[in-house]
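Below are the chains, spelled out letter by letter.
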Amino acid sequence: MKLTMREIREKARERVKARCKVCPACNGVACAGEVPGMGGVGTGRSFQNNVSALLDHRLVMRVLHEADNPDCSFDLWGNKLSMPVLAAPIGSIPGNLSSDLTDERYTRCLTAGCRAVNTTASVGDIPNPDGLKSFLEWSKDYISLTIPFIKPWGVPEVISRLEMAAAAGVKMIGTDVDGAGLPTMRMMAAPVKVRTAPELAKIIKRSHELGMKFIVKGIMAADEATICADAGADGVIVSNHGGRVLDHTPGTAEALPPIVEAVGNRLMVLADGGIRTGADVLKMLALGAKAVLICRPLAIAVHGDEENGLATYFGQIRQELIEAMRLTGCANLAAINRKIINSRVR
Ligand SMILES: Cc1cc2nc3c(=O)[nH]c(=O)nc-3n(C[C@H](O)[C@H](O)[C@H](O)COP(=O)(O)O)c2cc1C
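Residues numbered from 1 in each chain as written. Predicted model: local features only at pLDDT ≥ 70, side-chain atom pairs only at ≥ 80, totals over all residues.

1. Thoughts on the site of the ligand
Reasoning step 1: For the ligand, the set of nearby residues contains 22 residues, the closest of which are G91, G124, D176, G242 and C295.
Reasoning step 2: Class assignment for the residues of the shell around the ligand results in eight nonpolar, nine polar and five charged. (Near = placed C-beta within 6 Å. Nonpolar A, V, L, I, M, F, W, Y, C, P; charged D, E, K, R; others polar.)

2. Considering helix 11 (residues 278–286)
Reasoning step 1: A large share of helix 11 lies buried, amounting to eight of its nine residues.
Reasoning step 2: Within the sequence span of helix 11, burial applies to G278, D280, V281, L282, K283, M284, L285 and A286. (Buried ≥ 20, exposed ≤ 12 C-beta atoms within 10 Å, placed from the backbone. Helix = DSSP H or I, 4+ residues; strand = E, 2+ residues; numbered from the N terminus.)

3. Let's talk about the packing of helix 11 against helix 12 (residues 296–326)
Reasoning step 1: Between helix 11 and helix 12, the least distance of the axes is 7 Å, while the angle of their chain directions is 60 degrees. Judged on the interaxial angle alone, helix 12 and helix 11 are oblique. The way helix 11 lies across helix 12 gives a crossing that is right-handed. The segment helix 11 lies against helix 12, with G278, A279, V281 and L282 engaging I317, Q319, E320, L321, E323, A324 and M325. (Axes fitted to C-alpha atoms, helices over the stretch in contact; angles between N-to-C directions. Parallel < 35°, antiparallel > 145°, perpendicular 65-115°, else oblique. Left-handed = near helix turned anticlockwise from the far one by under 90°. Contact = placed C-beta atoms within 7 Å.)

4. Regarding the pairing of strand 10 (residues 268–272)
Within a regular beta strand, the side chains point alternately toward one face of the sheet and then the other, so they alternate between its two faces.
Reasoning step 1: For strand 10, a buried count of four out of five residues is recorded, marking the element as mostly surrounded by other parts of the structure.
Reasoning step 2: In this structure, strand 9 (residues 235–238) lies alongside strand 10, joined through four bridges in parallel fashion. Note on strand 10: the bridge partner recorded for V238 is A271.
Reasoning step 3: Following the chain from strand 9 across helix 10 (residues 252–263) to the adjacent parallel strand 10, one finds a crossover that is right-handed.
Reasoning step 4: One ladder, built from three bridges, connects strand 10 with strand 11 (residues 291–294); its direction is parallel. Bridging across to strand 11, D272 finds its partner in L293.
Reasoning step 5: Regarding topology, helix 11 serves as the crossover connection from strand 10 to the parallel strand 11, and that connection is right-handed. (Pairing = 2+ DSSP bridges. Right-handed = clockwise from strand over helix to strand, strands pointing away.)

The values reported here are purely geometric and, on their own, carry no functional implication.
Written out as structure tokens, the structure is:
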């Protein structure tokens, strides 16, 4: 029997109660400072700013038009997806949620749920390369639409992991460059480092030689996005890692427009952070993102009803997005622009 979102959240609350309250609004307040855990670092402001930056934009309702049946399908480098909403990577479910769900079960549910709604899955990375090997094995049934995000190790190690991923059939890969600041990496004394532009170019070149598109995740400044474009990246994700690396960053909806302005015509700009509903997705698209990623709500959905929970949540997001497009007069993704939002200047 298909559970409702309310039932999914109730079941999840029981299962993750040690680390997450499954709050009515997932906004980083109750879990501030909880990393490991589900929160943001320090005061939690970076996570909270992701949510409040989205709240600063309102949708302009339009109902006198012909867009009664919007099409939200999305083309990701030749992959036809049902919507511009992708699953974000989450490293170590047991470590962050102290639940009974293993990383293997989570990854299998994530890929099965993403397959059911026809969007991409993604996996994270840990210091031991056998960890990545396992993630690739667990997602092998959906490997061409699973995006691994490699941590910013030294270049030879990153390249060896790129080669491992390509051999497993991966077609799109990325690196979460902001992983250089993760407290969880510090706790493990993991050798993550900030990346230089020549290093990034070398990594991207190797990825292209291996036939994989390359995405840089964790970009919050236009000049850094330009470095990615110059280094040959196919995409960037405007992201502050869900507020888990640096306290007091702006929300990603605030960081996004100047980045789109700087590189939007050179590579694909994606964004994540605080996106919870179809209306939030539409706001990010109106601010210039081509697609978005969601993380924390997926972990809750999987704890509530495994792959069905994820498919139910993503199905709801898609329906909400279509309805929001319909009521703002957007027949398809190309029709979405700044005219559909009005923004509050603080
Ligand atoms: C518990 C947890 C673990 C995460 N692990 C990873 C990871 O391994 N790799 C990565 O690139 N991002 C990781 N992220 C960041 C997410 O992919 C994403 O950028 C961010 O959480 C999006 O914000 P949202 O959770 O508000 O949707 C993690 C986030 C959380 C909450």
